[in-house]
Amino acid sequence: MTDTTTGAPLVTGPVQQYIEALLRRSLAERLNRLERLEQLEKDGHRIIDGGQTHGDAWEITDWRTGDLIERGIGGYPGYDKAVQRLDPDGKWILHENVDNDDDQEDIEPVGVPASFADLLQDWLGLRSTPDEDVAAVVGWSVEEVARHRQED
C-alpha cells in the first residue's frame, strides 16, 4: 500500500506557492470546461473525439462513453464525409474544439524567476511527471495532486 499522507514539502516559499497556484488554476479550468461540456450536451450537442489514427485511417468516438461511432479510411476528406453523413444537423462538437469560457489570468511567479516558472509549468504539464513527485514537492497528498492534475 502506498503512503499518500502529506509530509513536509521539499520546497517552501515562492516556489511552493507558485506550484500550488498552478495546481489550483488547473483544477478550476478543468471544472469550468466540464461545466461547458455538460451545458453543450444539455443543449443537444454530442461531444465527440476523433480524427486520424494511422495513415489515412480515422475514427469517431463518443467523448463521454468512448463508444466507437464510426471508423474508416480516406484521410480528412473521408472523415469529413462521415461526419456530414452521420451529423447532418451539425450538432456534433469535437472535444478538442470546446473552448473554456473562463479566461483565467496568468499566474504571476512572484519571487520566482520567469525562466524557472516556465520550467515548473512544463514539469507540471508533463504526463511523465508522477503525482507522487508533485505531492512530495508541495507537501500535498497524492490524491489531492491527482485531482488537480486530472484531465477530462
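Our structure's up above, just so we're on the same page.
Residues numbered from 1 in each chain as written. Predicted model: local features only at pLDDT ≥ 70, side-chain atom pairs only at ≥ 80, totals over all residues. Heavy atoms only, no water.

Caption draft 1: A look at the side chain of aspartate 62. Residue placement: aspartate 62 occurs in strand β2 (residues 57-62). Within the structure, aspartate 62 has its side chain in polar contact with the side chain of arginine 46 (distance 2.8 Å). Within polar-contact distance, the side chain of aspartate 62 engages the backbone nitrogen of arginine 64 at 3.0 Å. Beyond its immediate sequence surroundings of up to four residues, aspartate 62 is in contact with Arg46, Ile47, Asp67 and Ile69. (Helix = DSSP H or I, 4+ residues; strand = E, 2+ residues; numbered from the N terminus. Polar contact = N/O pair within 3.5 Å; in protein donor to acceptor, adjacent residues only side chain to side chain. Contact = heavy atoms within 4.5 Å.)

Caption draft 2: Looking closely at the pairing of β2. A large share of β2 lies buried, amounting to 5 of its 6 residues. Relative to β2, strand β1 (residues 46-54) runs antiparallel, the two sharing 6 bridges. Within β2, the position partnered with isoleucine 48 by the bridge is aspartate 62. In this sheet, strand β3 (residues 68-72) lies alongside β2 in antiparallel orientation, the contact comprising 4 bridges. Bridged to isoleucine 60 within β3 is glutamate 70. Counting the residues in the hairpin turn of β2 and β3 gives 5 residues, including glycine 66, whose phi is positive at 80 degrees. (Buried < 20%, exposed > 50% of the residue type's maximum accessible area, 1.4 Å probe, protein only. Pairing = 2+ DSSP bridges.)

Caption draft 3: Structural detail: the packing of aromatic side chains. Across all of its chains, the model carries 1 aromatic pair by this definition. Plain terms: the ring middles of tryptophan 58 and tyrosine 79 are 5.8 Å apart, the flat faces sit at 80 degrees to each other, and that makes the pair edge-to-face. Highlighted residues: tryptophan 58 in strand β2 and tyrosine 79 in helix α2 (residues 75-86), separated in sequence by 21 residues. For the pair shown, tryptophan 58 and tyrosine 79 are each scored as buried. (Phe/Tyr/Trp six-rings, centres within 6.5 Å; stacked < 30°, edge-to-face > 60°.)

Caption draft 4: Structural view of the pattern of salt bridges. Taken as a whole and judged by the stated rule, the model has 9 salt bridges. Between arginine 64 and glutamate 41 there is a salt bridge, with its nearest N and O atoms 2.5 Å apart. Highlighted residues: arginine 64 in the loop between β2 and β3 and glutamate 41 in helix α1 (residues 14-42), separated in sequence by 23 residues. Across the pair arginine 46 and aspartate 62 runs a salt bridge whose closest N-O atoms are separated by 2.8 Å. Pair noted here: arginine 46 is in strand β1 and aspartate 62 is in strand β2, with a separation of 16 residues, a long-range link. Arginine 46 gets classed as partly exposed once you look at its relative accessible area, which sits at 33%. In this structure aspartate 62 comes out as buried when scored by relative accessible area, which is 9%. (Salt bridge = Lys/Arg side-chain N within 4 Å of Asp/Glu carboxyl O.)

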